[in-house]
Amino acid sequence: MGSTTNRNPARRLHDASSPGRLSEFRPRLTVVVVILTLMVAVVGWRIARDTGARRVDVLSREAIALFDAAPSTPAATAPPDAAEAQVRFRDLAGVPIGFPRDDVEFVPVEVRRETFANRPAASLRFRYAGEGYLLVVSARDRLLGTASVAAFPEGSFVSGERNGRSFVLWERDGASCIVVSNVDVTRAFDLVRRLFT
């Protein structure tokens, strides 16, 4: 018996080159392209998500280690007033940041230069309503390597808790800032919004 396959080369070329054949649905190829596209999108999303989470994890871990370290100034030394602490902090950080001068609950304890994320930064230990806090500020070009790239959108906050310490991380005025404390994260976040933004 003969086969029903068309063996005429002229007809085969005509069928293969017709415009209708170009848009012919090929389910296997479509499924493979869709699966590959989804895989690339998922991998890219996970890399982007993990990079940001890893950066916040490293910064919070270093800030908590600075918070847990003992202050270098002896207890007998009188704490600086807010105006003096602000001037010294601005000189060290290179970033304009204001401290509350009329709030009696805000008591600066120590201003010093730190190394934070392998970059120079300024830190302020202070007490607010009897609770201890640490503020660390580094110019964005110092911390992230370039002045134009932000870790997250300006005005956004990242907050969390680690080992019984709460932290709030934000960026403003070309600087990356983090506050660490023993208080609940909602109280730390509220303090940051009231005093530093």
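Note that the structure is predicted; figures quoted are calculated from it, not measured. (Residues numbered from 1 in each chain as written. Predicted model: local features only at pLDDT ≥ 70, side-chain atom pairs only at ≥ 80, totals over all residues. Heavy atoms only, no water.)

J.: I keep staring at the pattern of salt bridges and nothing clicks. Help me out?
T.: With the rule as written, the count across this model stands at five salt bridges. The shortest N-O distance in the salt bridge between arginine 165 and aspartate 68 comes to 2.8 Å. Placement of arginine 165 in strand S5 (residues 165-172) and of aspartate 68 in helix H3 (residues 27-68) is noted, with a sequence separation of 97 residues between them. In this structure arginine 165 comes out as partly exposed when scored by relative accessible area, which is 22%. When its relative accessible area of 45% is taken as the criterion, aspartate 68 is described as partly exposed. Close ionic contact of glutamate 110 with arginine 112 constitutes a salt bridge, the shortest N to O distance being 4.0 Å. Classification of glutamate 110 as buried rests on a relative accessible area of 4%. (Salt bridge = Lys/Arg side-chain N within 4 Å of Asp/Glu carboxyl O. Helix = DSSP H or I, 4+ residues; strand = E, 2+ residues; numbered from the N terminus. Buried < 20%, exposed > 50% of the residue type's maximum accessible area, 1.4 Å probe, protein only.)

J.: What is the right way to read the side chain of glutamine 86 from this model?
T.: Note on placement: glutamine 86 falls in helix H4 (residues 82-93). Of note is the side chain of glutamine 86, whose polar atom sits 3.3 Å from the backbone nitrogen of phenylalanine 99. (Polar contact = N/O pair within 3.5 Å; in protein donor to acceptor, adjacent residues only side chain to side chain.)

J.: Even after reading the chapter, I still don't get the nonpolar core, so can you show me in this structure?
T.: Side chains of nonpolar character tend, in soluble globular proteins, to be buried together. Formed by 29 residues in total, the largest nonpolar core has its most connected members in Phe89, Leu135 and Phe196. Within the residue set of this core, elements represented by two or more residues are H4, strand S1 (106-116), strand S2 (119-128), strand S3 (131-139), S5, strand S6 (175-181) and helix H6 (185-195). Counting residues per element, this core draws most heavily on H4, which supplies five residues. With near-sequence residues (within four places) excluded, phenylalanine 196 lies in contact with Ile97, Gly98, Phe99, Phe106, Phe126, Leu135, Trp170, Arg172, Val179 and Leu191. Formed by 15 residues, the second largest nonpolar core is a distinct cluster that contains Ala117, Phe167, Ile178 and Val180. (Core = buried A, V, L, I, M, F, W, Y, C linked by side-chain atoms within 4.5 Å. Contact = heavy atoms within 4.5 Å.)

J.: Would you take a moment to explain the packing of aromatic side chains for this structure?
T.: Centre-to-centre distance and the angle between the planes together describe a pair of aromatic rings. Under the defined criterion, the tally for this structure stands at nine aromatic pairs. Judged by centre distance (6.4 Å) and plane angle (85°), the rings of phenylalanine 99 and phenylalanine 196 are edge-to-face. Within this pair, whereas phenylalanine 99 is found in the loop between H4 and S1, its partner phenylalanine 196 is found in the segment after H6, the two being separated by 97 residues in sequence. Each of the two residues, phenylalanine 99 as well as phenylalanine 196, counts as buried. Each ring, one from phenylalanine 126 and one from phenylalanine 196, has its centre 5.9 Å from the other, and the planes form 70°; the classification is edge-to-face. Taken together, the residues span a long stretch of sequence, with phenylalanine 126 in strand S2 and phenylalanine 196 in the segment after H6 at a distance of 70 residues. Each member of the pair, phenylalanine 126 together with phenylalanine 196, is buried. (Phe/Tyr/Trp six-rings, centres within 6.5 Å; stacked < 30°, edge-to-face > 60°.)

J.: Hey, could you run me through a nonpolar patch on the surface in this one?
T.: A cluster of nonpolar residues, Val31, Val32, Ile35, Leu36 and Met39, forms a patch on the protein surface that exposes about 450 Å² of accessible area. Note on placement: valine 31 falls in helix H3. (Patch = residues over 30% accessible without salt bridge, like charges linked within 9 Å, V, L, I, M, F, W, Y side chains within 5 Å. Areas by Shrake-Rupley, 256 points an atom, 1.4 Å probe, with all protein chains shown as cover.)

J.: Is there a simple way to think about the side chain of serine 138 in this case?
T.: Within the secondary structure, serine 138 is located in strand S3. A distance of 3.2 Å separates a polar atom in the side chain of serine 138 from the backbone oxygen of proline 120.

J.: Can you help me understand the confidence of the model for the protein chain in this one?
T.: Should pLDDT be low for a region, the predicted coordinates there are not to be read in detail. Residues at a pLDDT of 70 or more form 72% of the protein chain, whose mean pLDDT is 77. A low-confidence stretch, residues 142-150 (pLDDT under 50), is modelled with 25 contacts involving residues beyond four sequence positions or located in other chains. (pLDDT = per-residue confidence, 0-100.)

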